[in-house]
Amino acid sequence: MKILVFGPQGSGKGTQAELISRKYKLPYIATGDIFRFHIKEGTQLGKKVKSYVDKGELTPGSLTNEIVKDRIQQPDCSVGFVLDGYPRNISQQKFLESIAKIDLVFVINISDTEAVSRLKDRLACKCGLSYHPVNNPPYKKGICNKCGDKLFVRDDDKPAAIKKRLAIYHKETELVLEIYQKSNTLHQINGAQGIEEVFAEIDNIIILYK
Ligand code: AP5
Ligand code: MG
């Protein structure tokens, strides 16, 4: 099963993609996490993308396409995958269409006001999990439940970068959603409910599809 998860910044794409991945034993791929990993490790790729990611801009050119192509062709993706953060514009969507047939697409909807409010307090882990001091606290303060790593505040969770990321979502990524809407693969999910309720809505659709 090949699944895409969309939604504005802070809608819970990463949170929900991880839950889908765990329940259905599908590899979880998040382009943002791949970039943040390389930035933290100081690799060539990390140096190339850091200024874009920190400012909340899309990384340019076909770089992301090649990263996704390489990742989804790995043997563990023969069962499918859950992809979060890609495609974000029409050019990426066309590329993805040429390399994979997508089964289900979810868009988790929340208002921009809610997005800003969630992101300003978010704590992230480099394994991809996100926490929130009130909505989704870790068992141990400042430490990831899954991998035990120290949580951090993302550089792009500053007000100016959040604003830019939301603007790009509305301008470029929503055009991609129209394509999936036309092909009847898109499912609208109400993101303004608790994490478990959002997952139940998504899961009811996956169960019907399987
Ligand atoms: P990326 O890492 O994908 O960031 P994003 O799209 O901005 O999305 P977020 O990770 O901020 O939000 P999320 O929806 O995953 O929310 P989360 O689950 O954490 O991309 C970062 C950057 O990488 C881009 O800006 C760009 O520079 C680059 N990039 C990535 N992909 C690219 C591409 N394809 N092309 C070019 N460049 C690319 O949840 C948010 C918070 O809310 C958490 O604290 C969580 O605990 C809490 N929460 C979650 N669900 C709920 C709920 N239901 N109720 C209450 N709180 C909740
Ligand atoms: Mg995320």
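You'll find the structure just up there.
Undergrad: Can you walk me through the pairing of strand E3 (residues 81-84) in this structure?
TA: Here is the key point about a regular strand: its side chains alternate between the two faces of the sheet. Neither face of E3 is exposed, since Phe81 and Leu83 on one face and Val82 and Asp84 on the opposite face are all buried. Where strand E1 (residues 2-6) lies against E3, 4 bridges are found, and the strand directions are parallel. Residue pairing in the sheet places Val5 in a bridge with Asp84 of E3. By the bridge criterion, 3 bridges tie strand E2 (residues 28-30) to E3 in an arrangement that is parallel. Directly across from Ile29, in E3, lies its bridge partner Leu83.

Undergrad: Would you mind going over the environment of Cys125 with me for this structure?
TA: With respect to the helices and strands, Cys125 occurs in the loop between strand E5 (123-124) and strand E6 (130-131). Overall, Cys125 belongs to the buried group, its relative accessible area being 3%. In sequence terms Cys125 and Arg154 are 29 residues apart; their C-alpha atoms lie 9.1 Å from each other. Once residues lying within four places of it in the same chain are set aside, the contact partners of Cys125 are Cys144, Cys147, Asp149, Leu151 and Phe152.

Undergrad: I would appreciate a short explanation of unusual backbone geometry in the present structure.
TA: Most peptide bonds are trans, and most residues other than glycine sit at a negative phi. With omega at 0 degrees, the peptide bond leading from Tyr86 into Pro87 counts as cis. Here Pro87 shows up in the loop between E3 and helix H5 (90-99). Its identity as a non-glycine residue notwithstanding, Lys25 has a phi of 50 degrees, on the positive side. Look at Asn184: it is not a glycine, yet its phi comes out positive at around 60 degrees. On the basis of relative accessible area, Asn184 is assigned to the exposed category, the value being 66%.

Undergrad: Help me understand the site of ligand 1, please; the structure alone is not making it clear to me.
TA: Ligand 1 sits among 37 residues. The nearest are Thr15, Thr31, Glu57, Arg88 and Arg165. The side chain of Arg36 places a nitrogen or oxygen atom 2.9 Å from an oxygen atom of ligand 1. Ser130 places a side-chain nitrogen or oxygen 2.8 Å from an oxygen atom of ligand 1. Counting residues per element, the ones that place at least two in the shell around ligand 1 are helix H1 (13-24), helix H2 (31-41), helix H6 (112-119), E6 and helix H8 (195-209). Looking at which element gives the most residues to the shell around ligand 1, the answer is H2, with 4 residues.

Undergrad: In this structure, what is going on with the packing of helix H4 (residues 63-72) against H5? I would like to understand it.
TA: Angle between the axes and distance between the axes are the two parameters that describe a pair of packed helices. Two numbers describe how H4 lies on H5: the axes approach to 10 Å, and their chain directions differ by 25 degrees. Accordingly, the angle class assigned to the pair H4 and H5 is roughly parallel. Our pair here, H4 against H5, has a crossing hand that is right-handed. For the pair H4 and H5, contact is made by Thr64, Asn65, Glu66, Lys69 and Ile72 and by Gln92, Phe95, Leu96 and Ile99, respectively. Grouping the amino acids of the contact of H4 with H5 by side-chain chemistry returns 4 nonpolar, 3 polar and 2 charged.

Undergrad: It is not clear to me how the pattern of salt bridges should be interpreted in this structure. Could you clarify?
TA: Note that side chains of opposite charge can pair when their charged atoms are close. This model, assessed by the stated rule, comprises 15 salt bridges. Across the pair Arg22 and Glu18 runs a salt bridge, and its minimum N-O distance is 2.9 Å. With Arg22 and Glu18 both in helix H1 and 4 residues apart, the pair spans about one turn of that helix. Owing to a relative accessible area of 7%, Glu18 belongs among the buried residues under this scheme. A salt bridge links Lys23 to Asp203; its shortest N-O distance comes to 2.6 Å.

Conventions and cut-offs
Residues numbered from 1 in each chain as written. Chains lettered and ligands numbered in written order. Predicted model: local features only at pLDDT ≥ 70, side-chain atom pairs only at ≥ 80, totals over all residues. Heavy atoms only, no water. Buried < 20%, exposed > 50% of the residue type's maximum accessible area, 1.4 Å probe, protein only. Helix = DSSP H or I, 4+ residues; strand = E, 2+ residues; numbered from the N terminus. Pairing = 2+ DSSP bridges. Contact = heavy atoms within 4.5 Å. Near = heavy atom within 4 Å. Polar contact = N/O pair within 3.5 Å; in protein donor to acceptor, adjacent residues only side chain to side chain. Axes fitted to C-alpha atoms, helices over the stretch in contact; angles between N-to-C directions. Parallel < 35°, antiparallel > 145°, perpendicular 65-115°, else oblique. Left-handed = near helix turned anticlockwise from the far one by under 90°. Nonpolar A, V, L, I, M, F, W, Y, C, P; charged D, E, K, R; others polar. Salt bridge = Lys/Arg side-chain N within 4 Å of Asp/Glu carboxyl O.

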